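Architecture at a glance
As a plain string of letters, each chain reads:
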Amino acid sequence: MHKEIESVYNNMLQKDPNQPEFHQAVKVFLNSVDSLVADEPKIIYHKILDRIIEPERTIIFRVPWIDDNGKLQINRGFRIQQNSALGPYKGGLRFHPSVNLSILRFLAFEQVFKNSLTGLPMGGGKGGADFNPKGKSDNEVMKFCQSFMTELSKHIGPNTDIPAGDMGVGGREIGYLFGQYKRIQNEVTGVLTGKGLSFGGSLIRPEATGYGLIYLADAVLHGEKDTIKGKRCIISGSGNVAQYTIQKILQLGGIPLTISDSNGVIIDEAGINEEKLSFIMNLKNVKRGRISEYIKAFPTAKYVARTGSEEYNEIWNTNADCAFPCAVQNEINELDAKHLVANGVFLVAEGANMPTTFEGQQIFKKANTLYIPGKAANAGGVAVSGLEMSQNSERLSWTKENVDAKLKDIMENIYKNISEAADQYSTHNNFTDGANIAGFLKVAEAMIAQGYV
Ligand code: NDP
Ligand code: 8G0
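As the structure is a prediction and not an experimental result, all values here were calculated from the model.

On to the site of ligand 1, then. Surveying the vicinity of ligand 1 reveals 24 residues, the closest of which are Asp-166, Thr-209, Ser-262, Arg-290 and Asn-353. One of the side-chain N or O atoms of Ser-262 is found 2.4 Å from an oxygen atom in ligand 1. Backbone polar atom of Ala-327 to an oxygen atom of ligand 1: 3.5 Å apart, as the coordinates give it. In isolation ligand 1 has 890 Å² of accessible area, and contact with the protein removes 83% of it. In terms of residue class, the shell around ligand 1 is built from six nonpolar, 11 polar and seven charged.

This part takes up the packing of aromatic side chains. Using the criterion set out here, one finds 21 aromatic pairs in the structure. Consider the rings of Phe-178 and Phe-199, whose centres lie 5.3 Å apart with planes at 25°: the pair is stacked. Of this pair, Phe-178 sits in helix H7 (residues 171-185) while Phe-199 is found in the loop between H7 and helix H8 (205-223), placing the two residues 21 residues apart along the sequence. With a centroid separation of 6.4 Å and 70° between ring planes, the pair formed by Tyr-211 and Tyr-215 is classed as edge-to-face. You can see Tyr-211 and its partner Tyr-215 sitting in helix H8, four residues apart, about one turn around the helix. Residues Tyr-211 and Tyr-215 agree in their burial class; the two are buried. An aromatic cluster is present here, built from Phe-61, Trp-65, Phe-95, Phe-131, Phe-144 and Phe-148 joined pairwise through their rings.

It is worth spelling out the environment of Thr-432 at this point. One can find Thr-432 in helix H17 (residues 431-449). Thr-432 gets classed as buried once you look at its relative accessible area, which sits at 14%. Residues Thr-432 and Gln-361, 71 residues apart in the sequence, show an inter-C-alpha distance of 9.3 Å. Not counting residues up to four positions away in its chain, the partners in contact with Thr-432 are Val-28, Ser-32, Gln-361, Tyr-371 and Pro-373.

To continue, consider the site of ligand 2. What surrounds ligand 2 is a group of 14 residues, the closest being Lys-114, Gly-165, Arg-205, Asn-353 and Ser-385. Within the side chain of Lys-90, one N or O atom sits 3.1 Å away from an oxygen atom of ligand 2. In this structure, Lys-126 approaches ligand 2 through a side-chain N or O atom, which is 3.4 Å from an oxygen atom. Considering ligand 2 on its own, with 310 Å² of exposed area, one finds that the protein chains cover 92% of that surface. Of all elements in the fold, only strand S3 (89-95), helix H5 (101-118) and helix H15 (379-393) reach the threshold of two or more residues within the shell around ligand 2.

For the rest of this paragraph, the subject is empty space enclosed by the protein. Under the definition given, this model contains one cavity of 30 Å³ or more. What lines the largest cavity is Ala-25, Val-28, Glu-110, Glu-350, Met-354, Gln-361, Tyr-371, Pro-373, Gly-374 and Lys-375. The set of elements that each furnish at least two residues to the lining of the largest cavity consists of helix H2 (20-33) and helix H14 (374-377).

Overall, the coordinates contain 19 salt bridges when judged by the stated rule. Salt-bridge contacts for Lys-231 lead to Asp-226; the nearest nitrogen and oxygen are separated by 2.9 Å. Taking relative accessible area as the criterion, Asp-226 reaches 26% and is therefore assigned partly exposed. When the shortest N-O distance is used, the salt bridge between Lys-408 and Glu-412 registers 3.6 Å. With a gap of four residues between them, Lys-408 and Glu-412 both fall in helix H16 (residues 400-425), about one helical turn apart. Accessibility expressed as a relative area gives 36% for Glu-412, which makes it partly exposed. Linked by salt bridges that have partners in common, Arg-94, Lys-126 and Asp-166 make up one network.

Let's shift gears to the sheet that holds strand S7 (residues 255-256). On the basis of which strands lie adjacent, the open sheet formed by five strands has the order S7-S6-S11-S12-S13 and parallel pairing. Only two strands of the sheet have a single partner each, and these edge strands are S7 and strand S13 (370-372). Taken together, the two bridges between strand S6 (residues 232-235) and S7 define a ladder with parallel strand orientation. The residue of S7 that forms the bridge with Cys-233 is Pro-256. Strands in contact with helix H9 (residues 240-251) are S6, S7 and strand S11 (322-324); relative to S6, the strand with the most contacts, it is inclined by about 170°.

Moving on, we come to the environment of Tyr-415. Its place among the elements puts Tyr-415 in helix H16. Residue class for Tyr-415 comes out buried when judged on its relative accessible area of 17%. Sequence spacing of Tyr-415 and Met-149 is 266 residues, and the spatial spacing of their C-alpha atoms is 37 Å. Aside from chain neighbours lying at most four places away, what touches Tyr-415 is Leu-216, Ala-219, Val-220, Gly-223 and Phe-431.

Right, let's get into the side chain of Asp-261. The topology assignment puts Asp-261 in strand S8 (residues 258-261). Of note is the side chain of Asp-261, whose polar atom sits 3.4 Å from the side chain of Arg-290. In this structure the side chain of Asp-261 is engaged in a polar contact, spanning 2.9 Å, whose partner is the backbone nitrogen of Ile-291. Ignoring sequence-local partners within four residues, the contact set of Asp-261 consists of Ser-238, Lys-284, Arg-290 and Ile-291.

Moving on: the packing of H16 against H17. Between H16 and H17, the least distance of the axes is 7 Å, while the angle of their chain directions is 100°. Compared by their axis directions, H16 and H17 come out roughly perpendicular. Contacts between H16 and H17 pair Tyr-415, Asn-417, Ile-418, Ser-419, Ala-421, Ala-422 and Tyr-425 from the former with Phe-431, Gly-434, Ala-435, Ile-437, Ala-438 and Leu-441 from the latter. By residue class, the composition of the contact of H16 with H17 is 10 nonpolar, three polar and no charged.

Calculation criteria
- Residues numbered from 1 in each chain as written.
- Chains lettered and ligands numbered in written order.
- Predicted model: local features only at pLDDT ≥ 70, side-chain atom pairs only at ≥ 80, totals over all residues.
- Heavy atoms only, no water.
- Near = heavy atom within 4 Å.
- Polar contact = N/O pair within 3.5 Å; in protein donor to acceptor, adjacent residues only side chain to side chain.
- Areas by Shrake-Rupley, 256 points an atom, 1.4 Å probe, with all protein chains shown as cover.
- Nonpolar A, V, L, I, M, F, W, Y, C, P; charged D, E, K, R; others polar.
- Phe/Tyr/Trp six-rings, centres within 6.5 Å; stacked < 30°, edge-to-face > 60°.
- Helix = DSSP H or I, 4+ residues; strand = E, 2+ residues; numbered from the N terminus.
- Buried < 20%, exposed > 50% of the residue type's maximum accessible area, 1.4 Å probe, protein only.
- Contact = heavy atoms within 4.5 Å.
- 1 Å grid on protein atoms, 1.4 Å probe; cavity = no way out; pocket = protein on both sides within 12 Å on 5 of 7 lines; lining within 4 Å.
- Points joined across faces, edges and corners; volume = space filled by probe spheres on them.
- Salt bridge = Lys/Arg side-chain N within 4 Å of Asp/Glu carboxyl O.
- Pairing = 2+ DSSP bridges.
- Axes fitted to C-alpha atoms, helices over the stretch in contact; angles between N-to-C directions.
- Parallel < 35°, antiparallel > 145°, perpendicular 65-115°, else oblique.

Right under this line is the structure:
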């Protein structure tokens, strides 16, 4: 790393010493941007990098609520408004007990470059709470969402900051949040995306991240004169992104083999077909059950229980061609990456945000794996959220075919832009450098034009 870039990194470590996930995201980014120093000295001279790391605004608030037993509960809520150079802050809300400032800062930071890559006019942000929706009643989730929005509503708006779902925040939660915003502001507006179809939601938004991931992976494979058809695919997670990733793999003739949740892993050598996918969707979205139940319905599959403290994850130790991590950050460590490479996986496209550790990423680089980082690979979700905003502004709903075609077009454009940036500034097929550089240059140019703010 050039010494100017290294000092940006060291200053950040000194300022925010206890944020390992944020450090990791910044390190990967600075490593890519390092190759720009000679070409773009302005970014160093005008301290654009120091500014881009610093959120424009961070809001942390108390979320008091009362559970079904009448007991007082309290959680911590956050919204990080990272960068508005390209448009209003845009990014999801995560409800998970692990949520803290480090995790949300890494997510908000990555969101800025991802949104830039979509080509749509959106800045970046992220938020959420350390609330655990698991085991909570509908009523408790509603009470929590209403209290959370009572404070958040003061800081967001359709032209300021437009949140959406993320882990633990799906259609049900967005509905409750939207209802509370409306009561407080007396305004029916597109302040959230991922809404129900009857109140301003977009067709294809639930499918968008998973579909987009496979559109991009297939575009990368086409660049290698190959296709996803017939490929054995490993998918982790079993939530929104994993489900529609599996659906699109099936539509394009690939073979999905696995799913997971935080308690364990399913490996189904016979392949997950449409019938099994419907079972998973009903289990996760309607019953809110655990994937261990899959083997009761399909006993030839294998279930491996996990505590999370194992040295490696069995899911990445499966013979396959392509891997799509769609669960959580840092779910592929160095050993997992070695297993993937040894098992024949030659393409890894990230549905989740930062699912591969820094060391894992180095293994893929050495092995020349076609590795597509989350900020490019999973950008389809926020892209269709951007399309939902457009539809809300013009008070129209576009057809499924129209939104899907636009999504495909956006993902193919991302492939083109990140490969061109890789060829120009780094090495062929280094999609990490390509995504960071292409995403960054547009944001930096806008910041400079707006007076270095
Ligand atoms: P969901 O809440 O719908 O699903 C999350 C899935 O990940 C669940 O199956 C969950 O299992 C599993 N999971 C969580 N923690 C772990 C763990 N430690 N080990 C194994 N599995 C785990 O979330 P999404 O599908 O929306 O999000 C998944 C990822 O994709 C996140 O990284 C998110 O930021 C990213 N993403 C999402 C987008 C979207 O549009 N939804 C867009 C772009 C990125 P369990 O039921 O046990 O919690
Ligand atoms: O729609 C969104 O803005 C959104 C929701 C959930 C996750 C993400 C992401 O890009 O990580 C975006």
